[in-house]
Amino acid sequence: MTLTEFVIATIVKILLVLGIVSALAGFGTYLERKVLAFMQRRLGPMHVGPYGLLQVLADGIKLFTKEDFVPQNSIRPIFMIAPLIGAASAFIALAAVPLLPEFKIFGITVHPIIADVNVGILFVLGVMATGLYAPLLAGMASSNKWGLLGAARTVIQLLSYEVVTGLSVMAPLMLVGSLSLIDINNYQANGFKEWIIWQQPVAFVLFLIAGFAETNRTPFDLLEHEAEIVSGFATEYSGMRWGMFFIGEYTNMITLAFLASLVFLGGFNEWGFLPGGLAIILKVSFLFFFFLWTRAAWPHVRPDQLMWLCWKVLLPLAVVNIVITGLVLMM
Amino acid sequence: MFEAIAFYLFSAVTISMFIITVMSKNALYSMSALAAGMIMISGFFFLLDADFLGVVQIIVYTGAVMALYAFGMMFFDATRDVKENIRAPKLVFLLSGMTALLLVLAFVAPIVSDHIQALYPVVDGVENPQAVGIVLFTKYLVPFEVAAVMLLVAMIAGIILAGKKMDESLTLKIDGDEEFQNKGSK
Amino acid sequence: MSLDQFKDRNVTQNYMFIPVDKPPVAPLEKFKQVLKRTFKGELFVGLWVVFREMVKFNIHTVQYPKEKLPISPRYRAVHKLYRLLESGNERCIGCGLCEKICISNCIRMDTRYDENQRKEVTEYTINLGRCIFCGYCAEVCPELAIVHGPRYENASEQRAHFVLRDDILTPLDFLKEGKQEEFPGFGAVSPNADDRIKKTPLAY
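The structure displayed is predicted, hence computed values, not measured ones.

1. Describing the overall build of chain C
No. 1: Regarding its fold elements, chain C presents 8 helices and 4 strands.
No. 2: Each helix (α) and strand (β) of chain C, taken in turn from the N terminus, gives the series α-α-α-β-α-β-β-α-β-α-α-α.
No. 3: Relative to the 2.2 N^0.38 estimate, which gives 17 Å for 204 residues, the radius of gyration of chain C is 29 Å and therefore markedly larger than a compact globule would have.
No. 4: C-alpha extents for chain C along the principal axes are approximately 100 × 50 × 50 Å.
No. 5: Scored against the burial criterion, the 204 residues of chain C give a buried share of 11%.
No. 6: Look at the contacts in chain C between residues 6 or more apart in sequence, and 71% of them connect residues 24 or more apart.

2. Looking at the domain arrangement of chain B
No. 1: Taken domain by domain, chain B holds domain 1 (1-83), domain 2 (86-117) and domain 3 (123-164).
No. 2: Centre-to-centre, using C-alpha coordinates, domain 1 of chain B lies 23 Å away from domain 3 of chain B.

3. Observations concerning the nonpolar core
No. 1: Counting 123 residues, the largest nonpolar core has I121, V124 and L137 of chain A as the members making the most contacts within it.
No. 2: Excluding its chain neighbours within four sequence positions, the residues that come into contact with I121 of chain A are V169, L179, L181, I184, L259 and V263 of chain A.

4. A closer look at the packing of helix α5 (residues 133-141) of chain A against helix α6 (residues 145-176) of chain A
Residue and element names in this part refer to chain A.
No. 1: Put simply, α5 and α6 touch, their axes get as near as 7 Å, and they point 150° apart. Taken together, the axes of α5 and α6 are roughly antiparallel relative to one another. Between α5 and α6 the crossing geometry is left-handed. Together, P135, L136, A138, G139 and M140 of α5 and G147, L148, G150, A151, T154 and V155 of α6 make up the contact between the two elements.
No. 2: Each residue belonging to the contact of α5 with α6 can be placed in one class, and the counts come to 7 nonpolar, 4 polar and no charged.

5. Re the environment of V35 of chain A
Residues and elements named next belong to chain A.
No. 1: Tracing the backbone shows V35 in helix α1 (residues 3-39).
No. 2: Taking C-alpha positions, V35 is 18 Å from N216, a pair spaced 181 residues apart along the chain.
No. 3: V35 has contacts with F289 and L292, leaving out every residue within four places of it along the chain.

Conventions used here
- Residues numbered from 1 in each chain as written.
- Chains lettered and ligands numbered in written order.
- Predicted model: local features only at pLDDT ≥ 70, side-chain atom pairs only at ≥ 80, totals over all residues.
- Helix = DSSP H or I, 4+ residues; strand = E, 2+ residues; numbered from the N terminus.
- Rg over C-alpha atoms; globule rule 2.2 N^0.38 Å.
- Buried ≥ 20, exposed ≤ 12 C-beta atoms within 10 Å, placed from the backbone.
- Contact = placed C-beta atoms within 7 Å.
- Domains from an automatic or database assignment.
- Core = buried A, V, L, I, M, F, W, Y, C linked by C-beta atoms within 7 Å.
- Axes fitted to C-alpha atoms, helices over the stretch in contact; angles between N-to-C directions.
- Parallel < 35°, antiparallel > 145°, perpendicular 65-115°, else oblique.
- Left-handed = near helix turned anticlockwise from the far one by under 90°.
- Nonpolar A, V, L, I, M, F, W, Y, C, P; charged D, E, K, R; others polar.

Structure below.
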């Protein structure tokens, strides 16, 4: 493949992923509203389109046409950049995730991964962590009490969960011996029994918990918890800038679902009679549903409880898990 | 060609970010520029095929600058300019500039006189993280361990400094609440 | 309970301390609590409950503009002025009781004597922006002329639209079709009134 071809292929992939994932993120808001509604014995959006399917479109029009204003005492450039950081870092993180197995179309073999970084998983986690600069900067620049509280909670959250994420992924990585997501996937190629979750159940649970904190989902949605700090970092935002935070959040959820299914749930290997592509889409859908499910079922925690959980419970557990894995590997 | 473009792009962005860091009076601008510059540096590592170092740069500095933000949030109103009280700005500028220049000269000197060479050339078939690990645990084992011990010492010192009243929970004060209860019964 | 209690501004006086279970202090006890809470599976009970509700699909939503809940006949919504069934004249005799009793002073009426020396209502206005829908007017009306109807959706471009007499008065053609239903609700005679009526005793 020549350089030009490579560049063209990459650009096409980028556009495709950008388009599909942002559409999915929009659709995710619809799904979330529906699933939450059904779990709470409601119907959810019903009026726009059949079963409210066009609600996403209506919301999009609303967000795009809303006035985009910046509060007077805020720091204007940073206030305006912050949502971009959120959305951009979410998509950049997605760039290093192999979304589907290789397939052939029109006689060309397609690798559905934009940038095959050979330390893929670290790259994804690192860039996702950078995404928390969005709420931080947004909260600090908007010169609003609630915004500032949201920003402070962002710092707490990042410093709490990031260590746990890293350590929980460490044990599976020690098994595989590579940081590349494709290698991790190929390690589990021999079917259902080879999934890493059976060898590392603790790591899986820890990774999911830290993932909830990372994507700012309900048990740990401290940053913009309405009942406590009006809307947290997003208090002063409106229109598409506010929408970009949401696209970022839902993209992060999708990325995390991909990561969890790649690292722990057998990735895009064939699963029984299911072809690989379908298998991973099913797994990702289930994990996405799980995100919504927990939102309907579980209460959220206080910031101090999150710190307590991460530093005093999850961190020691992760370390013990790594030590035991190391001992087993050495024997 | 792409590498050259990327290199100059990253250099320009990094340098301008650090200039903002130094020059800006606003704490929020400085910190954001610092974070951006640190993350942009990882671009150079990626250009040099040192993926692992690049990612580590991103992860470490995301967290580190985030902690800096926490302190900034506690000490300043980040939306206002900081008023500095410098008696002799020229002297400060001169001294810090000279120090920076000296540092650059010290680092550049061996490159200029061709006395620098890679002692651990890249081994084929060994991936990036493994290469880092090999160097870290053979040639640089002692500095690595010393750094680890230093961090441990710093951590213990921090815990002891901060943790004198660690057993008292601020949210679950019940035994120590006599004052509150007395107030209520008065 | 006297009124003094409410006038007392010293808020600390009536506060009391709600006892909370003492959090465990000893490290072992704390550890036990964590273990208990972790493995009790309460989180999964919560997950199961919401999932069960989703699968049962027992939806309680009323899709309001399309479907409406039935309201009680005693519901007090926007007023109606009724007409006499045979003649089609207004029932209102212009006695002015409703105007007098209205506690938010939102009823105004103007009357005159017509050619038969009967009282006739020329203007009748209820300011629905001020009405608190207490129902006194309907209760006090001796002729069941003003009653509360079931129309509870009020929206208009102008406040003036809320005071139109023509809107609340039964239209003549509507009356002729026999669609003016006798109001069973607030202020009306109860259905079994005839059975319950007793002659006034002459002597106690």
